[in-house]
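Observations on the three-dimensional arrangement
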Amino acid sequence: MSYPDPRYFSDKGEVTALHRPAPQHPDTDFVGASGISYVATPETTGGEYGLYKVDMGPKTMGAKEHFHRTISESFYVMSGEVEFYNGERWITGGEGDFLYVPAGGLHAFQNDSEEPLSMLMIFSPGAPREEYFEKAAEYVERNREELKAFQVRHDTYFTDMLDG
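Each chain carries its own residue numbering, running from 1 in the direction its sequence is written. Reporting in this predicted model follows two pLDDT cut-offs: at least 70 for local features of residues, and 80 or more for side-chain atom pairs to be given and counted; totals over whole chains, interfaces and linings ignore these cut-offs and use all residues. Hydrogens and waters are ignored; side-chain quantities use all the structure's heavy atoms.

Only runs of H or I of at least four residues qualify as helices and only runs of E of at least two qualify as strands under DSSP, and these elements are numbered from the N terminus. Secondary structure assignment for the protein chain yields two helices and 11 strands. Projecting the C-alpha coordinates of the protein chain onto the three principal axes gives extents of approximately 55 × 35 × 35 Å. A burial count over the protein chain gives 41% of its 164 residues as buried. Contacts are assigned to residue pairs with any non-hydrogen atoms lying within 4.5 Å of each other. By sequence separation, contacts in the protein chain at least 24 residues apart represent 63% of the contacts at least 6 residues apart. Only protein chains enter the accessibility calculation, which uses a 1.4 Å probe; a residue is then buried when its area is under 20% of its type maximum, exposed when over 50%, and partly exposed in between.

Set out below in structure tokens:
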């Protein structure tokens, strides 16, 4: 494996670093999470990736089995334990554990423990996941066709929603 082709061609560097102080509160609540903080959105990374901090309470469902067609999803456990479904079986992930799911990979996650969980999720390339996090609960209350259209628009294909 080699480095990618250059994307910056000047002989001198630029002052472009971005600092985002830690938020006082999560950016949004989400079904199955105590809160999601937008650490780095695709808007701030030029579409390269999106980085989100997910905090889940004890005994909390995260996401049912699903896959993405255009993005990979990675998880890094900062504290607590999470149950990951890797497409074949459930695996317990603890502090410092990492799970990478390429585009098309079946996955799910939940907190089965009695303790809270905190983890980072990375989507690459970056995709506008913020609307998904902010409006998913609203669409779950709508009819199946609207919910499915919302999920497809956000590249999220739950296996229990697939036709055929």
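Following the structure, the description resumes.
Quick look at the packing of aromatic side chains now. In summary, the pairing rule links any two rings of Phe, Tyr or Trp, Trp by its six-membered ring, whose centres are within 6.5 Å, and it sorts them by plane angle into stacked for under 30 degrees, edge-to-face for over 60 and tilted for everything else. All told, the structure shown has 12 aromatic pairs when counted by the stated rule. Judged by centre distance (5.9 Å) and plane angle (65°), the rings of Tyr52 and Phe123 are edge-to-face. One end of the pair, Tyr52, is in strand S3 (residues 50–56); the other, Phe123, is in strand S10 (residues 117–124), and 71 residues separate them in sequence. Each ring, one from Tyr139 and one from Phe150, has its centre 4.1 Å from the other, and the planes form 10°; the classification is stacked.

All right, on to the nonpolar core then. Side-chain atoms within 4.5 Å link the members of a nonpolar core, which is a set of buried Ala, Val, Leu, Ile, Met, Phe, Trp, Tyr and Cys residues. Core analysis: the largest hydrophobic core is formed by 27 residues, its most contacted members being Phe75, Val82, Phe84, Phe109, Met119, Met121 and Phe133. Sorting the residues of this core by element identifies strand S2 (33–40), S3, strand S5 (72–79), strand S6 (82–85), strand S8 (98–101), S10, helix H1 (129–140) and helix H2 (144–153) as the ones contributing at least two each. With sequence-adjacent residues up to four places away left out, Phe84 is seen in contact with Phe75, Val77, Arg89, Trp90, Ile91, Gly93, Leu99, Ala108, Phe109 and Met119.

A contiguous nonpolar surface patch, about 340 Å² in accessible area, is contributed by Tyr76, Phe98 and Tyr100. On the secondary structure map, Tyr76 appears in strand S5. The patches reported here contain residues having more than 30% relative accessible area and no salt bridge. Joining distances are 9 Å for like charges and 5 Å for nonpolar side chains (Val, Leu, Ile, Met, Phe, Trp, Tyr). Only the protein chains shown count as cover for residues, and all accessible areas are computed by the Shrake-Rupley method using a 1.4 Å probe. Salt-bridge detection follows one rule: a side-chain nitrogen of Lys or Arg within 4 Å of a carboxyl oxygen of Asp or Glu.

This brings us to the pairing of S6. Burial along S6 is two-sided: the face carrying Val82 and Phe84 and the face carrying Glu83 and Tyr85 are both buried. Relative to strand S7 (residues 90–93), S6 is paired through four bridges, and the arrangement is antiparallel. When the bridges of S7 are listed, Glu83 appears paired with Thr92. For two strands to pair, DSSP has to find at least two bridges joining them.

We now examine the sheet that holds strand S4 (residues 60–67). Taken in spatial order, the five strands make up an open sheet running S7-S6-S9-S4-S11, and their pairing is antiparallel. At either margin of the open sheet sits one strand with a lone partner, and together these are S7 and strand S11 (157–158). Alignment of S4 against S11, held across two bridges, turns out to be antiparallel. Bridging from a neighbouring strand, Phe67 pairs with Tyr157 of S11.

Counted according to the given criterion, the structure contains seven salt bridges. With its nearest N and O atoms 3.6 Å apart, the salt bridge here joins Lys135 to Glu131. Of this pair, Lys135 and Glu131 both sit in helix H1, four residues apart, which is roughly one turn of the helix. As a salt-bridge pair, Arg142 and Glu138 come within 2.3 Å of each other at their nearest N and O atoms. A relative accessible area of 31% means that Arg142 is categorised as partly exposed. The network of salt bridges with shared partners includes Glu138, Arg142 and Glu146.

This part is about H2. Considered for burial, the residues of H2 that qualify are Leu147, Phe150 and Gln151. Relative to the axis of H2, the buried residues are bounded by an arc of 95° and lie together on one face. In this structure, the buried residues of H2 make contact with H1 and S11. Think of a polar contact as two N or O atoms within 3.5 Å of one another; within protein, one of them needs to be a possible hydrogen donor and the other a possible acceptor, and neighboring residues in sequence only count if both atoms come from side chains. You can read the cap of H2 off the contacts: a side-chain oxygen lies 3.0 Å from the backbone nitrogen of Glu145, and it is on Asn143. Once H2 finishes, Asp155 follows within two positions and takes phi at roughly 50°, a positive value. The directions from the helix axis to the C-beta atoms form the arc being described.

Geometry only, nothing functional implied.
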